[in-house]
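As a plain string of letters, each chain reads:
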Amino acid sequence: MLCVHGRSYGVHPARLRTMPQMSSPGSLRTFQRKMRKMMQSVLLRLSFSHLTDPNVAGSLSPSWNVNSTTSTGLQTAVMLPLKEKDKPIIQKLLSAGCCARCVLRFCCLSNQAAYRQPSQEILKELQDFITEKKSSKVPNSSTAENNKSHDLTVSETLGDPPSKKSKLEPIETVAESEKNTAAVVRRRTEELHVCVVCLGILQGLCEAEQAVKLYVREHSCWLHVKEEVSEKSLVITRDDVIQVKEAFKWTLQGLVAKEIGGIAVVNKSSFEVGVEFTHPETDSDCHFLAKSCPDCFKPTKNKQSVFTRMAVVKALEKISDAKFLEYYPCPPTPPSSNCILQDVQCLHVSVFIAGRYNKFSRSLPQTPWLIDGERRMESSVEELIATPILSTFRADGFNFSSSGREDVDVRTLGNGRPFAMELLNPHRSRFSEVEMKQLQETINKSSDKIRVHDLQIVSREAMSHMKDGEEVKTKSYTALIWTQKPIQREDITFIDEIKDLTLDQKTPLRVLHRRALAIRQRVIHSMNTRYVDCHHFYLGLKTQAGTYIKEFVHGDFGRTQPNLCQLLKTDTNILELDVESVDVDWPPAIPE
């Protein structure tokens, strides 16, 4: 997979997957080193194909023939399946400074072979397409016209100023109009400019500099052609435009296949080659979105920048066209430099692990507990589970998630809490059911504070099941309650009759530092009581997920309404709390 990563926000991950058959598992590291060098070579070759247009003065001319499949891995010429409706879009995009492959993207062309041609061949075919006459009107072009067009092109390439005749004459023939349009397009596209949308990623790819800040520029270019699309009554939406990551993948497939010895490049594989680009010149391209859509950009402790990929995409969906054009030029301003090739990485795709855990300790946080950089607890549920798994899979890192979370002093009993882990770049990825069972036992023997069951490898798609119905799933709890006033058994029996009690819970004071201030409605479906003595009883609850149980018991200074203090007409507090069940039917149970 070829991944294009952004420095400010992860824009346009482009994936190209390939897994050759290796003689032994030990050859993986050697292969990865060779793959890094190979990718540098592939990108360099593609960059030379961008610089070898014989019509451009001063272009580089390496010894190989860029049009030859045997020398570059690029396919021979492919007729572009363009239609008459595409002409005005092509003219607008080329005049705006888009590269040939970006023009194909905005024409919604999904023919992979077209993207593998040298960019100058694609450009030439686009130029021929928008300047051609209908056969019914002009069967053959005259030699004089061809020579005149050629002279005009050469003159413009050498830097002569464009004719102002068209501006001075208000009326012109259709033929003259087409000639003028063609001249502008040819002059604009034959210069060695950097594409205003992909910033060179689909052009040279590995010249001195490369780039990645693309979402805002692509949105601007879409608005540039949107009016033309509407006027022609074309059924094209923003989602129909081919993504840069797909065009990037299609462009390099042939080169990569040749470079690794003719091994076929497949669409699905567990091996990834990641290529990282940056473009300092456009670092601030998306900053205006924070002013126009501040709700989309909220700081988080785990992100270095608020301009994440999801935040930018959300803001572009929210902002109106008029507002966008008020802050950003349309079409985008041409950049002065290409992207910078930052890094080439060889990785294994992530492996996903799921299971359920029980927590038996009242002094164990779910995740590492750090306050002002200082650790407060020696371990956590996350670490006790992850350490043996990381060692077994030989992964570089992990991401841990679960269906909700419990406080440090809360136990999780019953059928446990569903959890999932994404293992990053694992060096071993295939395990039998017996081996997974052994790994589960290793985790359980490592500590008496937790227990794991139903441990299994799952797909990326299956991970979504854990979060499905987040707001409607139910959880069951048992709490030990203290009352200030003495109580008798009959004083608490009425609680058993309460059904579907709706609470208004203002964000608790104890989590206000990390959660937005809001009033959330939650439902307690049922409760039951078990009398202990005149100041204590056990309270069982079945609630909607997300209910703050502690706050319901003590009221949180009136921030939860109604609360147990109001129901019993005395101050109450919670001494112990256990999670008895999390009603999520995932992951699938594995028989013991």
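The structure under discussion appears in the preceding block.
What you see is a predicted model, and the numbers here were worked out from it, not measured in a lab.

The rules we used
Residues numbered from 1 in each chain as written. Predicted model: local features only at pLDDT ≥ 70, side-chain atom pairs only at ≥ 80, totals over all residues. Heavy atoms only, no water. Helix = DSSP H or I, 4+ residues; strand = E, 2+ residues; numbered from the N terminus. Contact = heavy atoms within 4.5 Å. Core = buried A, V, L, I, M, F, W, Y, C linked by side-chain atoms within 4.5 Å. Buried < 20%, exposed > 50% of the residue type's maximum accessible area, 1.4 Å probe, protein only. Expected span 1.5 Å × (residues − 1). Salt bridge = Lys/Arg side-chain N within 4 Å of Asp/Glu carboxyl O. Axes fitted to C-alpha atoms, helices over the stretch in contact; angles between N-to-C directions. Parallel < 35°, antiparallel > 145°, perpendicular 65-115°, else oblique. Left-handed = near helix turned anticlockwise from the far one by under 90°. Polar contact = N/O pair within 3.5 Å; in protein donor to acceptor, adjacent residues only side chain to side chain. Pairing = 2+ DSSP bridges. Lys, Arg positive; Asp, Glu negative; His and termini not counted. Bend = angle between axes of the 7 residues up to and from the residue.

**Some words on the overall build of the protein**
Then comes step 1: Counting its regular elements, the protein contains 18 helices and 14 strands.
Then comes step 2: Across the protein, contacts joining residues at least 24 apart in sequence account for 76% of those joining residues at least 6 apart.

**Thoughts on the nonpolar core**
Then comes step 1: If you look at the biggest cluster of nonpolar residues, it comprises 65 residues, and the most contacted ones within it are Ile90, Leu126, Ile201, Leu202, Leu289 and Val312.
Then comes step 2: Residue contributions to this core peak at 7 residues, all from helix α10 (residues 215–231).
Then comes step 3: Setting aside chain neighbours within four positions, we find Leu202 in contact with Cys99, Arg101, Cys102, Arg105, Val244, Ala247 and Phe248.
Then comes step 4: Core analysis: the second largest hydrophobic core is formed by 33 residues, Ala354, Val458, Met466 and Val582 among them.

**A word on helix α6 (residues 119–131)**
Then comes step 1: Here α6 is 13 residues long and its end C-alpha atoms lie 18 Å apart, about the 18 Å a rise of 1.5 Å per residue gives.
Then comes step 2: For α6, every residue scored as buried is listed here: Ser119, Gln120, Ile122, Leu123, Glu125, Leu126, Gln127, Phe129 and Ile130.

**Digging into the pattern of salt bridges**
If charged atoms from side chains of opposite charge come close, those side chains can pair.
Then comes step 1: Within the structure shown, the criterion is met by 20 salt bridges.
Then comes step 2: Its salt-bridge partner being Glu218, residue Arg105 comes within 2.9 Å of it at the nearest N-O pair. Highlighted residues: Arg105 in helix α4 (residues 100–106) and Glu218 in helix α10, separated in sequence by 113 residues. Here Arg105 matches Glu218 in class, with each residue buried.
Then comes step 3: Between Lys226 and Asp321 there is a salt bridge, and its shortest N-O distance comes to 2.7 Å. Of this pair, Lys226 sits in helix α10 while Asp321 sits in helix α14 (residues 321–327); the two residues are 95 residues apart in sequence, bridging distant segments of the chain.
Then comes step 4: Residue Lys226 is classed as partly exposed on the basis of its relative accessible area, which comes to 32%.
Then comes step 5: Several salt bridges share partner residues, and in doing so they unite Asp407, Asp409, Arg510, Lys550 and Glu551 into one network.

**Overview of the packing of helix α3 (residues 87–96) against α10**
Then comes step 1: Look at α3 against α10: their axes get within 10 Å of each other, and the N-to-C directions meet at 150°. If you check the angle between α3 and α10, you find them roughly antiparallel. Here the hand of the crossing between α3 and α10 comes out right-handed. Across from Pro88, Ile89, Lys92, Leu93 and Ala96 in α3, the residues of α10 making contact are Cys221, His224, Val225, Glu228 and Val229.

**Observations concerning the side chain of Ser447**
Then comes step 1: As for its placement among the helices and strands, Ser447 is situated in the loop between α16 (433–446) and β8 (450–458).
Then comes step 2: From its side chain, Ser447 meets the backbone nitrogen of Lys449 in a polar contact 3.0 Å long.

**A look at the pairing of strand β12 (residues 536–544)**
Then comes step 1: Two elements, strand β9 (residues 474–483) and β12, share 9 bridges in a ladder whose sense is antiparallel. Counted as the bridge partner of Tyr477 is Leu541 from β12.
Then comes step 2: Looking at chain direction, strand β11 (residues 519–533) and β12 are connected through 8 bridges and run antiparallel. Residue pairing across strands places Ser526 opposite Lys542, the latter belonging to β12.
Then comes step 3: Counted between consecutive antiparallel strands, the loop separating β11 from β12 contains 2 residues.

**So, the environment of Ile130**
Then comes step 1: Assignment of secondary structure puts Ile130 in helix α6.
Then comes step 2: Its relative accessible area of 6% is what places Ile130 among the buried residues.

**Focus on the side chain of Glu382**
Then comes step 1: Summarising the element assignment, Glu382 is placed in helix α15 (residues 381–393).
Then comes step 2: The charged side chain of Glu382 is buried without a salt bridge, its nearest counter-charge being Arg405 at 7.4 Å.

**Comments concerning α15**
Note on helix geometry: an α-helix contains 3.6 residues per turn, so any two residues three or four positions apart are oriented the same way.
Then comes step 1: Its 13 residues give α15 an end-to-end C-alpha distance of 19 Å, which sits within 8% of 18 Å, the value for a rise of 1.5 Å per residue.
Then comes step 2: Largest kink in α15: about 25°, centred on Thr387, with the proline Pro388 one to four residues after it.
Then comes step 3: Within the sequence span of α15, burial applies to Val381, Glu382, Leu384, Ile385, Ala386, Pro388, Ile389 and Phe393.
Then comes step 4: Check the buried side of α15 and you find it contacts β3 (351–359), β6 (397–402), β7 (411–424), α16 and β8.
Then comes step 5: Arg394 sits one or two positions beyond α15 and adopts a positive phi of about 55°.

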